Amino acid sequence: MIQNNLNLKKAFARVLRLSILATMIVVMNGFAAAEVFIVSSASDIENVLPDLDPGDTVVMTDGNWSDQQIEFSGTGIKGAPITLCAQTPGMVVLDGNSTLGISGDWLVVSGLRFEGGSLNSGSIVQFRGDLGHATNSRLTNSAIVDYNPPDPATRYFWVSLYGQHNRVDNNFFQNQDHSGVTVVVWRDTPEPDFHVIDRNHFADRPPGNGNGFETIRLGTSTESESDSFSHVESNLFERVDGEIEIISNKSGGNSFRYNTFSESAGTLTLRHGHGNLVDGNFFLGNGKDATGGVRLIGENQVIVNNYFMETDGRADGAIAVTAGVPNSPLTGYPQVINAVIAHNTIVDVNDAAIVFSQGLGSSGRTLLAENVIIANNVFYSTQDPLFEGQEGADWTWQSNVAFGQSLGPVAGNPGVKVIDPLLARDAGMIWRPQRGSPLVNSSAGGFSRFARLDIDGQERVNAFDIGADESSAGEVTRGVLTGADVGPPLTVSLSTNVVSEADGNSALTVTIVRNKSLSDPLNVTISNSDTSEISIPISLMIPAGQSAATFDVNVIDDNKPDGDQVVTITASATGHPAGSATLTVTDDD
C-alpha cells in the first residue's frame, strides 16, 4: 500500500461521511434516489422491477455475472429516471452469453463491463425488451471488450438502438473481430429516431472479411429515404479497421460532428439517405495504409470544417464524390446532387484531395455529381494531382487555395488559387495558418449557416478564413480527441479503514478503477484538493490485466479550524478521463 498523511481536521468527535453509493447516484441523476435496491443476479433484477418508481436505483453488486440475460424495464420520468448501475463502475463484469435489454421510458444503465463472452446472434445490449422499444433512455460509462465468438463469421451486434431519443455515451468498445455493427440504429418505420451517440471510445477493430464490419450504422437501405435526425458526435475512433465504412449512414437528417478518426482504415460513408451534415471532424491517417476520409453519395449533403491529414485515399481521395446509378434502387448509389464542400483543410494526403467521380463505370454508376459547391477549402499536398475525376453539371468553385502539386482537371479554374497557404504545425502537429497567410479573411461569403464556428469551436468573425481553422484568439472549445476526453472515467472509491480515537487519527482506503483496456499497466496520478501539508501528486500503477489498485490514506489532526471540511481526491491517467470522489470530515465539537 502507498501511505500518505492528509492533515484534515481536529481528530476528536470526527465522522467520515463516505456514502459513495449516494454520491454516485446524485452525480448520475442530479437528485437523491428515492430508493436503492441491491441485486446480485438477473433474477434479482426481475424481482425488483415491479417495485421500481421514478428516481429509484438498482445496484448490481461487484463481481462476475456469468450467463445473465438481464431485462431492465420500467417507467421513469424526466429528471427522475430509473437507474441500473454497477456498485463500482468497471467492477461488475458480465461474461458468458450475458445480454442486456432496456425497455420503457427514462432509464439509465451505467458502469457495466461486458468482457470475454460471446453470442450466437442478436445483440449484447439492445434498447428494447418486455416493455417494447425504449425511449429517453441511456447507456453510459460502460465497456464492451473482446466479446467475440470463435468464428468471426458469426454475426451479432454489440449495441442496438431502437425507439426514440436514446443516448449511448462515454462508453468504451474494443477488439470486436466478428461480423456485426458495434453500435447500430435500427429503423423499421419512417419515423425519426433522435438518438445521440457521443463521447464514446472505439478502439482496435481488426479488418473483417468483406462487408458487415461497420463500427456505427444509422439505418438500413429499406428506410434510407426517411430521416433519422440522429447525432454522432465527439467520438474517438482509434485503429478501427473493420471495413471501408467505419460509419455507414443509411438515413437522412443526421449529423456527424467533432469526431476524431485516428489511424482507422476506412471512411465516414454517407451511403444512403439525404440532407446529412459532416462538420468539424479530424481524419488523421498518420500514413497508415487504407485510411480515408469522407465518401459522399446522395442529395443535399454538407461537408464543412473538417481536417484531413496523412490519409491514404481508401476511397481514392480524402473526400470521394461518388458516381451514381440511374434510377438507383434503395441498395444502389443515388446520384450526388446539391452538395456543399466548404471550409475544409486537406494536407499531405495520399491519392487525391477530392475525387469527383469515384466508382464511375462500376456497378452501373454512370451519373456524375451535379450542382456541387466547393468553396473556401485549402489543399496542401505532395500527391500529384490534387484532384481527379470528372465533374458533372453546375459545379461551382469559390475561393479555394491549392498548393504543392498540379491541379489535374481543375487546372486554370479561377475558383482555385495556386499559392503557398503558409501553414505550419502547432504543438499538436496540426497544420495552421501563420502570420501573413493568404487564407486569413479571404473566403467567399454565403456559408455562415454552415461554418459559423471553426474546427476548434472558435467563432468566425468578419470575413472568414479559408480552411477549417480560423485565426482567432477566442476560446478553444474542442479539437483532436484523445482517450482522456472520451469513454468511462476512472472511478475513485473511498471507504473508512481505521478510526483511532486515542491519537485522533483515522484512515481511509482509496481504490482507483479503470473501465477501459486492461492489457497494459496504467500509471495513475492522484491529487488532493485539501491544503494540508501533503506531498502531491501521489502515483500508483494498476498492473496489466487488473482493473483496480488501492492505497491507504492516514487522516491526522493538525491545527485545522473547526467545522466540516470537504476534500476531493482526483485520479488521472493517460487515455482515461479523470475521476474523483469527495469525503466530508465533520467536527462535532
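Every residue gets a number counted from 1 within its own chain, in the order that chain's sequence is written. Given that the model is predicted, a residue must reach a pLDDT of at least 70 before its local features are reported, and side-chain atom pairs must reach 80 or more before they are shown or counted; all residues, however, enter totals for whole chains, interfaces and linings. With hydrogens and water excluded, all non-hydrogen atoms of the structure serve as input to the side-chain values.

## Examining the overall build of the protein
Numbering goes from the N terminus for both helices and strands, where a helix is a DSSP run of H or I of at least four residues and a strand is a run of E of at least two. Counting secondary structure elements, the protein contains 3 helices and 53 strands. Every one of the 589 residues in the protein was classed for burial, and the buried ones make up 58%. Contact definition: two residues touch when any of their heavy atoms are within 4.5 Å. In the protein, 70% of the contacts between residues at least 6 apart in sequence involve partners at least 24 apart. Approximately 21500 Å² of the protein is accessible, and the part contributed by carbon and sulfur atoms is 48%. Each residue's exposure class comes from its accessible area (1.4 Å probe, protein chains only) as a fraction of the maximum for that residue type: buried when under 20%, exposed when over 50%, partly exposed otherwise. Accessible areas in this description were obtained via Shrake-Rupley with a 1.4 Å probe; residue shielding takes into account the shown protein chains only.

## Re the environment of Ala203
You can see Ala203 is positioned in strand 22 (residues 201-205). Residue Ala203 is classed as buried on the basis of its relative accessible area, which comes to 5%. Sequence separation between Ala203 and Lys516 is 313 residues; the distance between their C-alpha atoms is 10.0 Å. With residues up to four places along the chain from it excluded, the contact list for Ala203 reads Phe172, Phe173, Gln174, Asn175, Glu238, Arg239 and Val240.

## Focus on the sheet that holds strand 6 (residues 69-75)
Strands sit in the order 6-9-12-17-20-23-26-29-32-35-38-41 across an open sheet of 12 strands; the sheet is parallel. At either end of the open sheet lies a strand with only one pairing partner, and these are strand 6 and strand 41 (387-388). Pairing between strands is defined by DSSP: at least two bridges between the two strands are required.

## Observations regarding the pattern of salt bridges
As a working rule, side chains carrying opposite charge can pair if their charged atoms are close by. Within this document, salt bridges are pairs made up of a side-chain nitrogen of Lys or Arg and a carboxyl oxygen of Asp or Glu, the two lying within 4 Å of each other. All told, the structure shown has 15 salt bridges when counted by the stated rule. Here Asp469 and Arg432 are joined by a salt bridge, their closest N and O atoms 3.1 Å apart. A residue pair is termed long-range when its members are at least 10 positions apart, and Asp469 in the loop between helix 3 (448-451) and strand 47 (491-500) and Arg432 in strand 46 (residues 431-433) qualify at 37 residues. Here the salt bridges share partners, and the residues they tie into one network are Arg138, Arg167, Asp169 and Asp198.

## Some remarks on the environment of Ala315
Examined against the element boundaries, Ala315 turns out to sit in the loop between strand 34 (307-309) and strand 35 (317-322). In this structure Ala315 comes out as buried when scored by relative accessible area, which is 1%. Ala315 sits 21 residues away from Val294 along the chain, and the two C-alpha atoms are 8.3 Å apart. Leaving out residues up to four positions away in the same chain, Ala315 has contacts with Thr267, Arg295, Ala320, Val355 and Gln358.

## Side note on the packing of aromatic side chains
Any two rings among Phe, Tyr and Trp, with Trp reduced to its six-membered ring, count as a pair given centres within 6.5 Å; such a pair is stacked if its planes are under 30 degrees apart, edge-to-face if over 60, and tilted if neither. Under the criterion given, the structure shown has 17 aromatic pairs. Measuring from ring centre to ring centre gives 5.1 Å for Phe157 and Trp186, while their planes differ by 85°; the resulting arrangement is edge-to-face. Pair noted here: Phe157 is in strand 17 (residues 157-161) and Trp186 is in the loop between strand 20 (183-185) and strand 21 (196-198), with a separation of 29 residues, a long-range link. For Trp186, a relative accessible area of 25% gives the class partly exposed. Pairing Phe282 with Tyr307 gives two aromatic rings, centres 5.8 Å apart and planes at 50°, and the pair type is tilted.

## Examining the pairing of strand 35
For strand 35, a buried count of 6 out of 6 residues is recorded, marking the element as mostly surrounded by other parts of the structure. Inspection of the sheet shows strand 32 (residues 294-296) paired to strand 35 by 3 bridges, in the parallel sense. Bridge pairing in strand 35 links Leu296 to Val321. Relative to strand 38 (residues 352-358), strand 35 runs parallel, the two being bridged by 4 bridges. Note on strand 38: the bridge partner recorded for Ile319 is Ile354.

## Notes on the nonpolar core
Ranked by size, the top nonpolar core spans 81 residues in total, and within it Met60, Leu100, Val125, Ile354 and Phe387 carry the most contacts. When residues no more than four places from it in sequence are discounted, the contact partners of Val125 are Leu100, Ile102, Phe114, Leu139, Ile144, Trp158, Val159 and Ser160. For this analysis, a nonpolar core means a set of buried residues of the types Ala, Val, Leu, Ile, Met, Phe, Trp, Tyr and Cys, connected via side-chain atoms within 4.5 Å. Counting residues in each nonpolar core, the second largest holds 21 residues, with Ile512, Ile538, Ile542 and Ala581 among its members.

## Remarks on the side chain of His576
Along the chain, the position of His576 falls in strand 53 (residues 576-587). Taking the relative accessible area as the measure of exposure, His576 reaches 6% and is therefore buried. With residues up to four places along the chain from it excluded, the contact list for His576 reads Gly483, Ala484, Leu490, Arg514, Lys516 and Leu522.

## A few points about the side chain of Ser248
Note that Ser248 resides in strand 26 (residues 245-250). Residue Ser248 is classed as buried on the basis of its relative accessible area, which comes to 0%. At 2.6 Å, the side chain of Ser248 and the side chain of Glu245 are in polar contact. Pairs of N or O atoms within 3.5 Å make up the polar contacts considered here, provided that, within protein, one atom can donate a hydrogen while the other can accept it, and that residues adjacent in sequence are counted only when both atoms are side-chain atoms.

## Digging into unusual backbone geometry
A cis amide bond links Asp384 with the next residue in sequence, Pro385, at an omega value of -5°. If you trace the backbone, Pro385 turns up in the loop between strand 40 (378-380) and strand 41. We note that Asn327 has phi near 50°; this positive angle belongs to a residue other than glycine. Along the chain, the position of Asn327 falls in the loop between strand 35 and strand 36 (337-342). For Met429, which is not glycine, the phi torsion reads 70° and is therefore positive. As for its placement among the helices and strands, Met429 is situated in the loop between strand 45 (423-425) and strand 46. Residue Met429 is classed as partly exposed on the basis of its relative accessible area, which comes to 41%.

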